[in-house]
Amino acid sequence: MEKYNFRIIEKKWQAFWEKEGLFAGKDNREKKYYVLEMLPYPSGRLHMGHVRNYTIGDVIARYKKSLGFNVLHPIGWDAFGLPAENAAIERNTHPAHWTRENIHAMRSQLQSLGFSYDWDREVSTCDEEYYLQEQRIFLDFLKHDLAYRKESTVNWDPLEQTVLANEQVVDGCGWRSGVPIEKKKLSQWFLKITDFAEDLLNGLDQLKEWPEKVVTMQRNWIGKSFGANIHFKTPDGSMTIPIFTTCPHTLFGASFLVIAAEHPVSQSLKNKPEIAAFIAECAHLGTSEKALETVEKKGIDTGIRVVSPFEPDREIPVYIANYVVADYGTGAVFGCPAHDARDFEFATLYNLPIHQVIEPLAHESMDLSKEAFLGDGHMIHSQFLNGLTIEEAKKKAIDQIESLSAGHRVTTYRLRDWGVSRQRYWGCPVPIIYCDACGTVPVPLGDLPIRLPEDISFDKPGNPLVHHSTWSKVDCPSCGAKARRETDTLDTFFESSWYFFRYCTPHYAKGPFDAKIADSWCPVDQYIGGVEHAVLHLLYARFFTRALKKCGYTTIEEPFKALMTQGMVCHETYKDAAGKWMFPEDVQKQGSNYIHALTKDPVTAGPSEKMSKSKKNVVDPEHIIQEYGADVARFFVMSDSPPEKDLDWSDAGVQGVWRYLNRFHQCVQNAVSHFTGPQPLDVSSRKTESTHRLIHKTIQWVTDDFERYHFNKAIARIRELSNALFALSPENPQEIGVLRFGLQTLTQLLAPIVPHVAEEIWQEIVQNPSKTILEAGWPKADPALLQEDTVVLGVQVNGKLRAELTIAKDAPQVSIEALVIELEGVQKYLEGATPKKIIVIQNRIVNVVI
RNA sequence: GCCCGCUUGGUGGAAUCGGUAGACACGACAGACUUAAAAUCUGUUGGCUUUACGGCCGUGCUGGUUCGAGUCCGGCAGCGGGCACCA
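Residues numbered from 1 in each chain as written. Chains lettered and ligands numbered in written order. Predicted model: local features only at pLDDT ≥ 70, side-chain atom pairs only at ≥ 80, totals over all residues. Heavy atoms only, no water.

**Some remarks on the overall build of chain A**
Of the regular secondary structure elements, chain A holds 25 helices and 37 strands. Considering only C-alpha atoms, chain A reaches an extent of 105 × 85 × 65 Å along its principal axes. The contacts of chain A with a sequence gap of at least 6 include a subset with a gap of at least 24, amounting to 71%. Carbon and sulfur atoms form 51% of the exposed surface of chain A, whose accessible area is close to 38600 Å². Positive and negative side-chain charges in chain A, numbering 93 and 110 respectively, have mean positions lying 2 Å apart. (Helix = DSSP H or I, 4+ residues; strand = E, 2+ residues; numbered from the N terminus. Contact = heavy atoms within 4.5 Å. Areas by Shrake-Rupley, 256 points an atom, 1.4 Å probe, with all protein chains shown as cover. Lys, Arg positive; Asp, Glu negative; His and termini not counted. Charge placed at Lys NZ, Arg CZ, Asp CG, Glu CD.)

Shown next as structure tokens:
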């Protein structure tokens with residue numbers, strides 16, 4: 001078989017589409033459709049995860065275009081960030097240079113995959129054009145009381161004199177220095193996302209086209225909870241420690257109080273050496289919640305004793321503990337070991353009493369010598385709460401606390417304000433000036449953008465902006481005195497929180513975007529990206545949209561109407577005889593064993609895992625495109641798994657796709673020479689009649705599957721139709737009409753997935769068409785041909801399949817019952833008896849119960 | 001640790017509403033073509049059992065609801081994602 005020349009075809013059509021401007025989104029037109037894939041970080045080269053993400057988006061974009069939508073499908077670069085600085089340090093290059101080279105390489109890779117991007121809208125967040133607008137947004141947030149400054153804790157590497165990301169903290173030590181980290185308080189910029197906590201929570205109900213799991217994760221992240229602030233006092237009443245709890249009903253089970261190391265009471269005891277040492281030890285834990293929660297529980301008795309408002313005579317100890325979150329609630333909680341797992345662990349460690357206050361319901365089991373009881377039940381050993389359910393007891397306990405003036409009910413959110421300050425060079429500078437006389441002064445709009453200096457060095461530890469000899473030295477815009485610039489830059493999530501608006505008017509200079517045009521395109525109709533962004537990026541973008549609305553930039557509230565979270569791309573892992581990871585391309589398969597391609601030594605294959613550089617189980621998209629072409633790569637990533645599930649990369653599967661596309665191409669080559677003049681559909685034979693029906697059914701199935709994004713199923717249907725069409729003979733005059741119609745339809749159904757070869761074949765079948773295949777529209781199924789007049793029913797006896805019955809569609813129940821008991825397969829089990837019951841489900845199944 | 005998912009043949013997956021488990025593909029095996037190989041084409045392919053017809057078992061494990069469970073409910077195990085400075 002002659003292979004089709006993808007090298008020529010793909011280049012040819014990519015050039016044609018670009019010349020014709022086929023994929024330019026046209027502003028202010030009806031029937032808009034905005035499809036967007038998550039903003040990529042320019043890490044250097046495209047990986048398979050990108051290929052999958054962008055192919056899904058492109059298939060949707062092309063499908064919608066063929067349905068006649070005015071599609072907006074832009075792309076850009078999340079170009080600020082930590083990896084550029086790491087590269088600068090490790091390879092002695094400049095972050096800007098490294099980033100721009102990466103963008104250049106990745107752009108040409110994207111182009112070689114034939115994605116239908118409107119390249120005129122490309123944006124890079126590190127471009128002055130972009131971050132100028134970002135500084136403007138920041139100043140507006142400041143004006144509208146959405147940005148403020150406060151102290152917060154960071155991971156500090158004492159050797160490198162740098163702030164570390166949680167990712168850079170390994171086992172409590174700096175990843176480069178290996179020195180135990182410390183917590184350090186810094187004054188930083190925050191955005192008031194908590195102002196919108198309730199609104200962000202309520203908005204989730206409108207997101208009907210988001211995966212339920214993402215909505216749930218966001219709901220839990222916002223973490224609205226009802227509870228109480230309760231004042232514990234020292235017996236002499238000289239000191240009060242307020243605590244927050246969502247379990248006020250277990251107050252009679254309290255046997256200790258735990259406070260965070262950062263709590264003012266803890267800090268006030270630093271003069272005691274053992275307490276100071278413990279606080280210092282807690283500081284090595286860093287700021288990540290995971291570290292706090294998984295650390296071995298540890299505490300130290302402060303010597304302070306307090307009493308609960310309900311039991312003024314029972315003193316309980318106050319401990320400083322390493323597992324208390326300082327920023328949540330009041331940084332202090334009471335411990336009820338009988339009914340909280342963490343408190344139980346702590347109490348067991350320090351021999352603190354365990355008071356049961358909930359009596360389990362009959363079916364629940366409890367063993368307080370082994371673990372806390374967390375189930376449902378009724379209150380006991382709790383004076384006025386005895387006998388109540390948990391819910392009743394919560395309410396009554398808080399009422400009582402309020403009447404004693406010992407606290408009050410509160411609604412809290414787990415959500416904290418968003419810290420956007422980063423002590424790094426490669427980010428958007430915060431447009432603020434500090435003046436000794438005037439304080440914090442916003443940079444006047446006319447002075448924007450605050451550009452990053454180019455002459456920087458990473459020789460010294462810390463932020464190069466701080467070390468720069470002149471950059472931060474400015475005159476105060478307000479009084480003219482000597483002042484200094486803010487040297488912090490913005491979190492890169494800031495850039496990705498509004499880029500989808502910028503795409504609407506990517507070169508707009510008067511503001512972040514033209515409100516009228518942006519509102520006509522937004523919200524994004526379909527957003528596609530990794531589930532790892534389920535909370536942070538997506539929540540920040542939802543917050544930003546509300547904040548921008550508050551500042552008058554938009555009328556939109558929810559940025560993303562529908563969301564799809566695609567799975568990861570995985571590959572088998574390989575290790576050589578020495579146990580070192582190996583690239584798949586260096587491994588050969590020999591029978592059922594694997595060997596080293598060069599040395600022929602045996603190789604052990606491990607489980608399929610997410611492709612990662614560290615395990616070397618990566619396949620470079622570039623190689624696939626070189627060897628098989630973009631269409632094959634696109635087809636494979638769409639065919640093997642549903643988009644939201646993980647995809648296993650398989651070289652054999654790729655070859656299978658290559659064979660299929662060649663068969664398809666060959667079939668068309670064999671047929672086109674017979675396409676002469678008008679060739680009416682001849683459906684007089686059984687074969688052509690059933691194939692004709694199959695064509696229409698396939699249109700229907702594929703359309704339904706595309707609408708639901710079940711691309712792998714759509715492709716299975718396409719394959720089935722292909723198998724039927726490849727079996728027809730172009731030499732047979734009776735079959736040629738159906739074959740021609742079938743191939744034409746097949747090409748249209750394939751066009752969103754394999755656009756290059758489809759466009760080429762379209763030319764050959766339609767012969768000098770005036771439109772591209774997408775402009776020719778999407779095929780429509782004839783409803784009359786979708787109906788079948790007979791159905792095959794499964795016949796069960798006691799739930800087990802024993803026979804089949806072919807019968808007219810919608811046949812009446814009585815006639816089915818009569819026919820079914822006569823069937824040989826049923827008679828065999830009936831043995832002359834009458835069935836107890838016959839259950840008939842129309843057009844599906846019959847169950848004979850005996 | 002907490003929150004959220006996932007688990008179906010040798011492999012990826014299909015089964016849309018509780019109704020015939022395994023569509024479609026990969027791999028494997030057999031055959032055709034070929035001096036031969038590659039490529040291509042045709043056929044078989046969940047497991048056990050039976051000469052055959054057939055029978056039994058089977059959707060991570062376990063218990064339940066139902067005429068009927070991959071699908072619903074309870075418990076358990078394994079794997080993955082997120083946990084606020086990676087993006």
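Next comes the rest of the description.
**A short note on the protein's contact with RNA strand B**
Lining the immediate surroundings of RNA strand B are 67 residues, of which Asp78, Arg708, Lys713, Val792 and Asn847 lie closest. Interatomic distance of 3.2 Å between a side-chain N/O atom of Glu293 and a sugar or linking oxygen of RNA strand B. Contact between RNA strand B and Lys800: a phosphate oxygen at 2.8 Å from a side-chain N or O atom of the residue. Looking at the surface near RNA strand B element by element, the count peaks at six residues for helix H21 (residues 711-726). Broken down by class, the residue content of the surface near RNA strand B amounts to 23 nonpolar, 18 polar and 26 charged. (Near = heavy atom within 4 Å. Polar contact = N/O pair within 3.5 Å; in protein donor to acceptor, adjacent residues only side chain to side chain. Nonpolar A, V, L, I, M, F, W, Y, C, P; charged D, E, K, R; others polar.)

**Side note on the pairing of strand E24 (residues 482-485)**
Pairing between strand E21 (residues 432-435) and E24: three bridges, direction antiparallel. Residue pairing for E24: Cys435 is matched across the bridge by Ala483. Two successive antiparallel strands, strand E23 (residues 473-475) and E24, enclose a turn made up of six residues, where Gly480 displays a positive phi of approximately 85 degrees. (Pairing = 2+ DSSP bridges.)

**Brief notes about the nonpolar core**
Membership of the largest hydrophobic core comes to 175 residues, with the highest contact counts inside it found for Tyr34, Phe141, Phe544, Trp649 and Leu743. Core analysis: the second largest hydrophobic core is formed by 41 residues, Ala254, Ile304, Val318 and Leu388 among them. (Core = buried A, V, L, I, M, F, W, Y, C linked by side-chain atoms within 4.5 Å. Buried < 20%, exposed > 50% of the residue type's maximum accessible area, 1.4 Å probe, protein only.)

**Observations concerning the packing of helix H2 (residues 48-66) against helix H20 (residues 686-707)**
Axis separation between H2 and H20 bottoms out at 11 Å; the angle between their running directions is 125 degrees. The angle between the axes of H2 and H20 places the two elements in the oblique class. For the element pair H2 and H20, the recorded crossing hand is left-handed. Between H2, through Val59, Tyr63 and Lys64, and H20, the contact on the second element is made entirely by Thr703, Phe706 and Glu707. (Axes fitted to C-alpha atoms, helices over the stretch in contact; angles between N-to-C directions. Parallel < 35°, antiparallel > 145°, perpendicular 65-115°, else oblique. Left-handed = near helix turned anticlockwise from the far one by under 90°.)

**A look at the confidence of the model for chain A**
Chain-level pLDDT for chain A is 91 on average; 99% of the residues reach the 70-or-more range. Interface confidence in the predicted complex, given as ipTM, is 0.94; pTM for the same model is 0.93. (pLDDT = per-residue confidence, 0-100.)

**Some details on the packing of aromatic side chains**
Using the criterion set out here, one finds 51 aromatic pairs in the structure. Judged by centre distance (6.0 Å) and plane angle (65 degrees), the rings of Tyr628 and Trp658 are edge-to-face. Of this pair, Tyr628 sits in helix H17 (residues 621-628) while Trp658 sits in helix H19 (residues 651-672), placing them 30 residues apart in sequence. An angle of 25 degrees between the planes, with centres 5.8 Å apart, marks the rings of Tyr709 and Phe711 as stacked. By the burial criterion, Tyr709 is buried, and Phe711 matches it. Taken together, the aromatic side chains of Phe141, Phe196, Trp418, Phe493, Phe494, Tyr540, Phe543 and Phe544 make up a single cluster linked through ring pairs. Lying over the aromatic face of Trp471, Arg485 brings its terminal NZ or CZ to 5.6 Å of the ring centre. The ring of Tyr660 is capped by Arg719, whose NZ or CZ atom sits 4.7 Å from the centre of that ring. (Phe/Tyr/Trp six-rings, centres within 6.5 Å; stacked < 30°, edge-to-face > 60°. Lys NZ or Arg CZ within 6 Å of the ring centre and 35° of its normal.)

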